[in-house]
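Close look at the chain arrangement
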Amino acid sequence: MSKLLDLAEAQARLLAMAVPLPVEQVPIEAAMGRYLAQDLPALRQQPAVDLSAMDGYALSGEDTSGPWRLRGESAAGHPYQGVVQKGEACRISTGAVLPEGADWVLLQEDTRREGDRLHLTGTLPHPLPRHIRRAGFDFAQGQTLLRAGQRITPASLALAISGGHASLPMRQRPRIAILDSGDELAPIGAPTAAHQIPASNGAMLAAQLQPEAGRIDRLGPVSDRMDALLAALDAASEADVIITSGGASVGDHDLIRPALEQWGADLAFWRVALRPGKPLMVAQKGRQIIIGLPGNPVSSHVTAFLFVLPLLRALQGAEHPLPKPFYAPVASSLPAGGERCEFLRGAWDGAVIQPNPMRDSSALAALASANCLIERPIGADAVQAGGLVRAYLL
Ligand SMILES: Nc1nc2c(c(=O)[nH]1)N[C@H]1C(S)=C(S)[C@@H](COP(=O)(O)OP(=O)(O)OC[C@H]3O[C@@H](n4cnc5c(N)ncnc54)[C@H](O)[C@@H]3O)O[C@H]1N2
Ligand code: MOO
């Protein structure tokens, strides 16, 4: 039997196949979760001028005892047109333009008003807090706000808008076809005979891949027949990425590999030292990448997490396509690692990870109760309760 491919090498080989998709200009409110294609410069500085950080009074000079004579107001969106002179106070709101001549802002909580006279009530700390947001302190015009390959988050979306952008250059989202196969699969909600099982992988994978996908076409369940598989592959000819689930192993009815070969795809690699997920298969036909996931539901889920999602990110030009690990203590001991890198189902409560003893790759109940995967590298030492493990949030 051929040697199984190491996980990191398999991931690297897949990502090396990803040619970033073309760039399109996307309205900013549709950019959430997508990846920037170019560095984004600020088209303006923020704030444009000095602003008050508090509600109070703009004062001139270093006179911290008062009283001051009240003159005018600078409200947000309505700047004061005059100049604040020594001994004068201009009413000012948070976010309003600091008037000419003003050097600091006195909090309104520290004052008392008598007609047009303003008195200090509290005592002011030293050094004097000025409560001024200086022009350009957040970002300067021309500064790089976001880098190519960054994923747009709610905060980076707000930053780009503040920088003067209404649309962003982004990589196209990949089109995906999901094809699940197996003669035992019954459509969702259909009555199932004893020899049947509801086809759950297609819907699971579509839900899992949705955040990184443009269009998702579902093809299946397809029966274990060469002509049916070839017809389904033909129907996926528009997809950037084709995901199959099931039929990836070595059984007489595991037809994905021969079907891909007959369809004209070239096998890039097959079988990874991974548990669950050993029969993972990657092939290519022209610009299309095909990933054959093992049919066991947990194997499909784990390999979609470790391979398909990173590929979809790489096609969008993501700077960090692979999932990011975190390190946390386990609540109970774990045995030494085996001959395949294993991903155990775990429940992380913010302090410790409770590993699920269920390791069967068909056990959906254990998968659904997990919120993370615990990585057990090949040959890793056993871990006692309280020992640190590497894990990934699902
Ligand atoms: N002799 C060997 N047998 C197996 C090996 C091996 O190396 N030698 N590998 C095992 C491993 S590991 C896995 S994982 C499975 C994967 O096999 P397949 O990819 O060929 O998957 P199937 O046989 O088609 O299905 C496995 C299992 O999953 C259920 N399934 C399939 N599709 C769906 C779906 N869409 N929704 C829900 N459930 C699905 C299917 O009914 C089977 O129970 O092979 C081992 N065998
Ligand atoms: O790799 Mo299989 O996914 O162990 O059951």
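By the naming in an unreviewed UniProt entry, the protein chain goes by Molybdopterin molybdenumtransferase and is assigned to Novosphingobium umbonatum. In its Function (unreviewed entry) section, UniProt records this for the protein chain: "Catalyzes the insertion of molybdate into adenylated molybdopterin with the concomitant release of AMP." Taken directly from UniProt, the Pathway (unreviewed entry) text for the protein chain runs: "Cofactor biosynthesis; molybdopterin biosynthesis."

Structural notes on the overall build of the protein chain
Along the backbone of the protein chain there are seven helices and 26 strands. Here the C-alpha atoms of the protein chain give a radius of gyration of 30 Å, more than 25% beyond the 21 Å that 2.2 N^0.38 yields for 394 residues. If you line up the protein chain on its principal axes, its C-alpha atoms span 95 × 50 × 40 Å. In the protein chain, which comprises 394 residues, the share counted as buried stands at 47%. Expressed as a percentage of contacts within the protein chain between residues at least 6 apart in sequence, the contacts between residues at least 24 apart total 70%. With the model as given, the accessible surface of the protein chain reaches about 18500 Å², and the carbon-plus-sulfur share is 52%. A gap of 2 Å separates the mean positions of the 35 positive and 39 negative side-chain charges of the protein chain.

Focus on the site of ligand 1
Of all residues adjacent to ligand 1, which total 23 residues, the nearest are Glu184, Gly247, Ala248, Lys278 and Gly295. Separating a nitrogen atom of ligand 1 from a backbone N or O atom of serine 200 is a distance of 3.0 Å. Take asparagine 201: an N or O atom from its main chain is 3.2 Å from a nitrogen atom of ligand 1. Protein chains shield 72% of the accessible area of ligand 1, which is 880 Å² for the free molecule.

As for the packing of aromatic side chains
As enumerated under the stated definition, the model contains three aromatic pairs in all. Centroid distance phenylalanine 305 to tyrosine 392: 6.3 Å. Interplanar angle 70°. Geometry classified as edge-to-face. With phenylalanine 305 in helix α6 (residues 297-315) and tyrosine 392 in strand β26 (residues 388-393), the pair connects residues that are 87 residues apart, well separated along the chain. The same class applies to phenylalanine 305 and to tyrosine 392, which are both buried. Pairwise contacts between aromatic rings join Phe305, Phe343 and Tyr392 into one cluster. Lysine 285 extends its terminal NZ or CZ atom over the ring of tryptophan 263, reaching a point 3.9 Å from the ring centre.

Focus: the environment of leucine 260
Tracing the chain through its elements places leucine 260 in helix α5 (residues 256-263). The buried category is assigned to leucine 260, whose relative accessible area is 4%. Separated by 93 residues in the primary sequence, leucine 260 and serine 167 place their C-alpha atoms 40 Å from one another. Setting aside its immediate chain neighbours within four residues, leucine 260 contacts Leu233, Ala265, Met281, Ala283 and Ile290.

Considering the site of ligand 2
If you check the shell around ligand 2, you find Pro276, Gly277, Lys278, Pro279, Asn296, Ser299, Arg340 and Ser361 and nothing else. Between ligand 2 and the protein, one listed contact pairs an oxygen atom with a side-chain N or O atom of serine 299 at 2.3 Å. Within the side chain of arginine 340, an N or O atom sits 3.4 Å from an oxygen atom of ligand 2.

Some thoughts on the side chain of serine 361
For serine 361, the position within the fold is in the loop between β24 (353-355) and α7 (364-368). Within polar-contact distance, the side chain of serine 361 engages the side chain of asparagine 296 at 3.1 Å. The residues contacting serine 361, other than those within four sequence positions of it, are Pro276, Asn296, Pro297, Val298 and Ser299.

Re the sheet that holds strand β8 (residues 111-114)
Strand pairing in a sheet is mediated by backbone hydrogen bonds. Such pairs are either parallel or antiparallel. The strand order across the open sheet built from six strands is β7-β4-β6-β5-β9-β8, with neighbouring strands paired in mixed fashion. Each of the sheet's edge strands pairs with one partner strand only, and the pair in question is β7 (104-107) and β8. Along the sheet, successive strands turn relative to each other by an average axial angle of 40°, direction set aside. Strand direction decides the pairing type here: strand β5 (residues 68-74) and strand β9 (residues 117-120), joined by two bridges, are antiparallel. Within β9, the position partnered with arginine 69 by the bridge is arginine 117.

Observations regarding the packing of helix α3 (residues 201-209) against α6
Between α3 and α6, the shortest axis-to-axis distance is 10 Å and the interhelical angle comes to 30°. In terms of crossing hand, the pair formed by α3 and α6 is right-handed. Between α3, through Asn201, Met204, Leu205, Gln208 and Leu209, and α6, the contact on the second element is made entirely by Pro297, Ser300, His301, Ala304, Phe305, Val308, Leu309 and Leu312.

What counts and how
Residues numbered from 1 in each chain as written. Chains lettered and ligands numbered in written order. Predicted model: local features only at pLDDT ≥ 70, side-chain atom pairs only at ≥ 80, totals over all residues. Heavy atoms only, no water. UniProt positions renumbered as here; feature names shortened; annotations may be inferred. Helix = DSSP H or I, 4+ residues; strand = E, 2+ residues; numbered from the N terminus. Rg over C-alpha atoms; globule rule 2.2 N^0.38 Å. Buried < 20%, exposed > 50% of the residue type's maximum accessible area, 1.4 Å probe, protein only. Contact = heavy atoms within 4.5 Å. Areas by Shrake-Rupley, 256 points an atom, 1.4 Å probe, with all protein chains shown as cover. Lys, Arg positive; Asp, Glu negative; His and termini not counted. Charge placed at Lys NZ, Arg CZ, Asp CG, Glu CD. Near = heavy atom within 4 Å. Polar contact = N/O pair within 3.5 Å; in protein donor to acceptor, adjacent residues only side chain to side chain. Phe/Tyr/Trp six-rings, centres within 6.5 Å; stacked < 30°, edge-to-face > 60°. Lys NZ or Arg CZ within 6 Å of the ring centre and 35° of its normal. Pairing = 2+ DSSP bridges. Axes fitted to C-alpha atoms, helices over the stretch in contact; angles between N-to-C directions. Left-handed = near helix turned anticlockwise from the far one by under 90°.

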